[in-house]
Amino acid sequence: MSHLPSLPLSISKLTAILMLLLLPVALSSLTNEVIDVVVNRLDSKRSSPLIQESAAKGVLQRLLPSHLHSFEFKIVSKDVCGGHSCFLINNYNQLSHSGPEIIIKGTTAVELASGLHWYIKYWCGGHISWDKTGGIQINTIPKPGSLPLVKDESVMIQRPVPWNYYQNVVTSSYSYVWWNWERWEKEIDWMALQGINLPLAFTGQEAIWQKVFLNFNVSSEDLNDFFGGPAFLAWARMGNLHAWGGPLSQNWLDQQLSLQKQILSRMLELGMTPVLPSFSGNVPAALKKVFPSANITRLGDWNTVNKDPRWCCTYLLDPSDPLFVEIGEAFIRQQIKEYGDVTDIYNCDTFNENTPPTNDSEYISSLGEAVYKAMSKGDEDAVWLMQGWLFVSDSSFWKPPQMKALLHSVPFGKMIVLDLFADVKPIWGNSSQFYGTPYVWCMLHNFGGNIEMYGILDAISSGPIDAGVSENSTMVGVGLCMEGIEHNPVVYELMSEMAFRSEKVQVLEWLKTYSRRRYGKAVNQVEAAWEILYHTIYNCTDGIADHTDFIVKFPDWDPSLNSGSDRMKEDKMHIFLSIPRRKRFLFQQPSSKLPQAHIWYSTQEVVNALQLFLHAGNDLNGSLTYRYDLVDLTRQVLSKLANQVYIDAIIAFQKKDADALKLQSQKFLQLIDDIDVLLASDDNFLLGTWLKSAKELGVNPIEMRQVLAITLFPNLDHS
């Protein structure tokens, strides 16, 4: 076991650790004090009240242009909110019916937009979701001059924790790689309306890296072998692959950098704090030639491109090498040069699905110190935000000594951990609140952009509350960390509300109001259907993350395993089960000789819910939100039916019943056709919309062909 010399403990770190050891009962208050310093410093970077009020007005104009003059917005200090972030909804005391009717006050423009959304939901019965999940329902909002008054003339809603985080480091590739500014503007509006104030901002970073690495004598040609293509940027950034789907054109690099500046500008106008990327150690192969003595190692294959060295097995610069700090500092400084001093919070996931070479605590601590040193040399106020997925996916390595070594390797208050999978496998409760490190309670929910209907509404409605009120809580935020977006709108609306709730939500009652808002009226059949869905589809409590149906899976079952000698069976089963699967998935363990689909609810009950939905069709004719949910629920039912048909086909094969095998195979193929026809009835489910947005970013035929090739024929299991 190798040991590298650790860096000396800083006074601030030593003091922080001693305080954690000696004053455990004061941990919560200590966390609040340290985070208050960070929040106050970030507040000083915010746009002026006038700019934020104007930005909130812009959100209103894009959402409800007919009501532009019905609302007034005003930024107020936290003193008005009892020292917290909050929004206040007040009646506007004016006799005229042509002027403002409601005044919304808030500590930032995000709170102003959140207050607007809250009023639209709970006073006007309106609903806002992504366009691809049915869009908005605003038919219930009264005309200007007739808006409902607020009882007692004022309502104040406080944030129980400072931050509402948004995105996963792979969301860019699964969902928004092809977005233009028009689509980004809608998303940032959605963020503000949902109360998100700490969004990840990863767009355009390849252009920054190009400038940085050119200064380290790495050529543009060398970078063509380093950057992944547009659709695979997330995995290239994480060091899982390189060059696949590339190269990136200079036009792409310049366009994405320009887009990032628009994104950051709007986020800042709304009072958000963007989270920028930082250096994790992933470097071009050419850097090893430029710096032959640098501690650069080649990683193994990540189950992506069949171990082909043209694309697999990337290079990692060890954080203990002095060059790591040089490159990390240069990257932070280049971002500040391009964007200005817009944030102090930077994401870095050096150890995400990348196990350190030794479990020695001193070594791990030295690595953490080096990562933070690279950030802080570029920005002296830097705060390291780290996805806590490694503690779930590689729990056999990250035992308490290793976790403490990493979490305590930076000064207290300079690291924030995302408890990434807290909706299913929370870490905070088994780690003494991350051993004193501030953390964000996150809902991961989605793997691989899968559109499966799925969720755990009870965990969402109670988990953040339990964590926040627990003894010595170090929780400082809630977050949405899904890998892909634009699905399961009920899950994301409830989770977004938890940023403003200090008490548990009574989910059944909430679902009744949700149903009425989403469809614009109360329909008994639909409300009964949602009660069934709450107890079935949205009540997955077994902790299994892989719930992909057979109908969309690659074939992975060898029927020959059930023929031949027992010895042959054992050998083949060993080979099959040893096929590596990514750590991101928590798979259902096989319990029989048949392939297993993950079904956590009674499919018959969900069929009953679908029948109730269908019976409500006459009442909800013309509702886009109803149409989306009806198509999605029907797809869900047919996909689960296909699972059973697939198993029946395998059983027929094992029994050597050719007629039954033919019948079940025909049924399975017919279900594929039926689902295809079903999804073609709603353009939100079409592949063409994805391809169209991709082609629109190409400026010449070569780029358009490249986009189509890597999108339609990726030859890569990244689902």
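Conventions we followed
Residues numbered from 1 in each chain as written. Predicted model: local features only at pLDDT ≥ 70, side-chain atom pairs only at ≥ 80, totals over all residues. Heavy atoms only, no water. UniProt positions renumbered as here; feature names shortened; annotations may be inferred. Helix = DSSP H or I, 4+ residues; strand = E, 2+ residues; numbered from the N terminus. Buried < 20%, exposed > 50% of the residue type's maximum accessible area, 1.4 Å probe, protein only. Contact = heavy atoms within 4.5 Å. Axes fitted to C-alpha atoms, helices over the stretch in contact; angles between N-to-C directions. Parallel < 35°, antiparallel > 145°, perpendicular 65-115°, else oblique. Left-handed = near helix turned anticlockwise from the far one by under 90°. Nonpolar A, V, L, I, M, F, W, Y, C, P; charged D, E, K, R; others polar. Disulfide = S-S within 2.5 Å. Core = buried A, V, L, I, M, F, W, Y, C linked by side-chain atoms within 4.5 Å. Domains from an automatic or database assignment. Salt bridge = Lys/Arg side-chain N within 4 Å of Asp/Glu carboxyl O. Polar contact = N/O pair within 3.5 Å; in protein donor to acceptor, adjacent residues only side chain to side chain. pLDDT = per-residue confidence, 0-100. Phe/Tyr/Trp six-rings, centres within 6.5 Å; stacked < 30°, edge-to-face > 60°. Pairing = 2+ DSSP bridges.

Under an unreviewed UniProt entry, the name given to the protein chain is Alpha-N-acetylglucosaminidase, and the organism recorded is Hevea brasiliensis. The UniProt entry for the protein chain carries the following comment under Catalytic activity (unreviewed entry): "Hydrolysis of terminal non-reducing N-acetyl-D-glucosamine residues in N-acetyl-alpha-D-glucosaminides." Under the UniProt heading Sequence similarities (unreviewed entry), the entry covering the protein chain gives this text: "Belongs to the glycosyl hydrolase 89 family."

Draft legend 1. How the structure looks around the overall build of the protein chain. Helix and strand counts for the protein chain come out as 26 helices and 15 strands. Here the protein chain, with 719 residues, has 58% of them falling under the buried criterion. Once local pairs closer than 6 in sequence are excluded, the contacts in the protein chain between residues at least 24 apart make up 77%.

Draft legend 2. Highlighting the packing of helix H22 (residues 603-615) against helix H23 (residues 624-654). Between H22 and H23, whose axes approach to 10 Å, the crossing angle comes to 150°. With respect to H23, the axis of H22 lies roughly antiparallel. Along this stretch, H22 crosses H23, giving a crossing that reads as left-handed. Only Tyr626, Asp629, Leu630, Leu633, Thr634, Val637 and Lys640 of H23 make contact with H22, whose side of the interface consists of Thr603, Val606, Val607, Ala609, Leu610, Phe613 and Leu614. Among the residues forming the contact of H22 with H23, the class breakdown is 10 nonpolar, two polar and two charged.

Draft legend 3. Main features of the state of the cysteines. Taken as a whole, this structure holds two disulfides when the rule is applied. Here Cys312 is linked by a disulfide to Cys313, with a sulfur-sulfur distance of 2.3 Å. Classification of the bridge connecting Cys312 and Cys313 rests on its S-S torsion, roughly -70°, and on that basis the disulfide is left-handed. The same class applies to Cys312 as to Cys313, namely buried. The connectivity of the disulfide bonds within the protein chain can be written as 1-2, 3-4, using the sequence rank of each bonded cysteine.

Draft legend 4. Summary view of the nonpolar core. Core analysis: the largest hydrophobic core is formed by 202 residues, its most contacted members being Trp163, Trp384, Phe391, Trp530 and Phe613. Two domains each provide a minimum of three residues to this core, namely domain 1 (49-158) and domain 2 (164-505). If we skip the residues at most four places from it in the chain, Trp530 touches Val490, Leu511, Tyr514, Ser515, Tyr519, Tyr538, Phe613 and Asp629. Counting 12 residues, the second-largest nonpolar core is a separate cluster that includes Val631, Phe668, Ile675 and Leu678.

Draft legend 5. Structural detail: the pattern of salt bridges. Under the defined criterion, the tally for this structure stands at 32 salt bridges. Of the charged contacts in the structure, one is a salt bridge between Arg62 and Asp189, with a shortest N-O distance of 2.7 Å. On the criterion of sequence distance, the pair formed by Arg62 in helix H3 (residues 49-63) and Asp189 in helix H6 (residues 181-194) is long-range, its members being 127 residues apart.

Draft legend 6. View of the side chain of Arg517. Among the structural elements, Arg517 can be located in helix H19 (residues 507-519). Its relative accessible area of 3% is what places Arg517 among the buried residues. In this structure the side chain of Arg517 is engaged in a polar contact, spanning 2.6 Å, whose partner is the side chain of Glu493. In contact with Arg517, not counting residues within four places along its chain, are Lys121, Tyr122, Gly125, Gly126, His127, Gln137, Glu493, Glu497 and Trp510.

Draft legend 7. Fine view of the side chain of Asn347. Within the secondary structure, Asn347 is located in strand S11 (residues 345-347). Given a relative accessible area of 4%, Asn347 falls into the buried group. Residues in contact with Asn347, not counting those within four places in the same chain, are Val169, Leu200, Phe202, Val275, Leu276, Pro277, Ser278, Leu385 and Gln387.

Draft legend 8. The confidence of the model for the protein chain, seen in detail. When the pLDDT values of the protein chain are averaged, the result is 89; 88% of them are 70 or greater. Note that residues 18-25 has pLDDT below 50 and, in this model, 11 contacts with residues that lie over four places away or in other chains. Here residues 563-587 is modelled with pLDDT under 50, and outside its nearest four sequence neighbours on either side it reaches 43 contacts, counting other chains as well.

Draft legend 9. Here's a closer look at the environment of Asp36. Relative to the assigned elements, Asp36 resides in helix H2 (residues 27-43). Residue classification places Asp36 among the partly exposed positions, given a relative accessible area of 42%. Sequence separation of Asp36 and Gly413 is 377 residues, and the distance between their C-alpha atoms is 9.7 Å.

Draft legend 10. Local environment of the packing of aromatic side chains. For the structure on display, the rule yields 41 aromatic pairs. Summarising the aromatic geometry, the rings of Tyr519 and Phe613 are spaced 6.3 Å apart at their centres and angled 90° between planes, so their arrangement reads as edge-to-face. Within this pair, whereas Tyr519 is found in helix H19, its partner Phe613 is found in helix H22, the two being separated by 94 residues in sequence. The class of Tyr519 is buried, set by a relative accessible area of 5%. Residue class for Phe613 comes out buried when judged on its relative accessible area of 1%. Linked through ring pairs, Trp209, Phe213, Phe226, Phe227, Phe279, Phe324 and Phe331 together constitute an aromatic cluster.

Draft legend 11. Region of interest: helix H7 (residues 205-215). Counting buried residues along H7, eight of its 11 residues qualify, which places the element largely inside the surrounding structure. Residues of H7 that are buried sit in contact with helix H8 (220-224), helix H9 (233-237), helix H10 (250-269), strand S7 (276-277), strand S8 (282-283) and helix H12 (322-339). A positive phi of about 65° marks Asn217, the residue just after H7.

Draft legend 12. Broad picture of the packing of helix H20 (residues 524-535) against H22. Orientation of H20 relative to H22, taken along the N-to-C sense of each, is 160°, at an axis distance of 8 Å. Considering their axes alone, H20 and H22 lie roughly antiparallel with respect to each other. Considering only the axes of H20 and H22, their crossing is left-handed. Across the interface between the two elements, Gln525, Val526, Ala528, Ala529, Trp530, Ile532 and Leu533 of H20 pack against Glu605, Val606, Asn608, Ala609, Leu612, Phe613 and His615 of H22. Residue composition of the contact of H20 with H22, by class: 10 nonpolar, three polar and one charged.

Draft legend 13. Structural view of the sheet that holds S8. Strand order in the open sheet formed by three strands is S8-S10-S9, and the pairing between neighbours is antiparallel. The sheet is open, and its two edges are formed by S8 and strand S9 (296-298), each paired on a single side. As paired elements, S9 and strand S10 (residues 315-317) share three bridges and run antiparallel to each other. Following the sheet pairing, Arg298 is matched in S10 by Tyr315.

Draft legend 14. Structural detail: the sheet that holds strand S3 (residues 102-106). With mixed pairing, the four strands of this open sheet are ordered in space as S1-S3-S2-S4. Of all strands in the sheet, those bounded by a partner on one side alone are strand S1 (71-75) and strand S4 (154-158). Neighbouring strand axes in the sheet, compared pairwise and without regard to direction, differ in orientation by 15° on average. Contacting S1, strand S2 (86-91), S3 and S4, helix H4 (residues 109-122) crosses the sheet at an angle of about 50° to S2.

Draft legend 15. Looking closely at unusual backbone geometry. The omega torsion of the bond from Gly246 to Pro247 falls at 0°, within 30 degrees of zero and hence cis. Its location among the elements puts Pro247 in the loop between H9 and H10. Residue Phe434 is not a glycine yet carries a positive backbone phi of 55°. For Phe434, the location among the structural elements is in helix H16 (residues 432-435). In this model, Lys656 sits at a positive phi of 60°, which is unusual for a non-glycine residue. Along the chain, Lys656 turns up in the loop between H23 and helix H24 (658-679).

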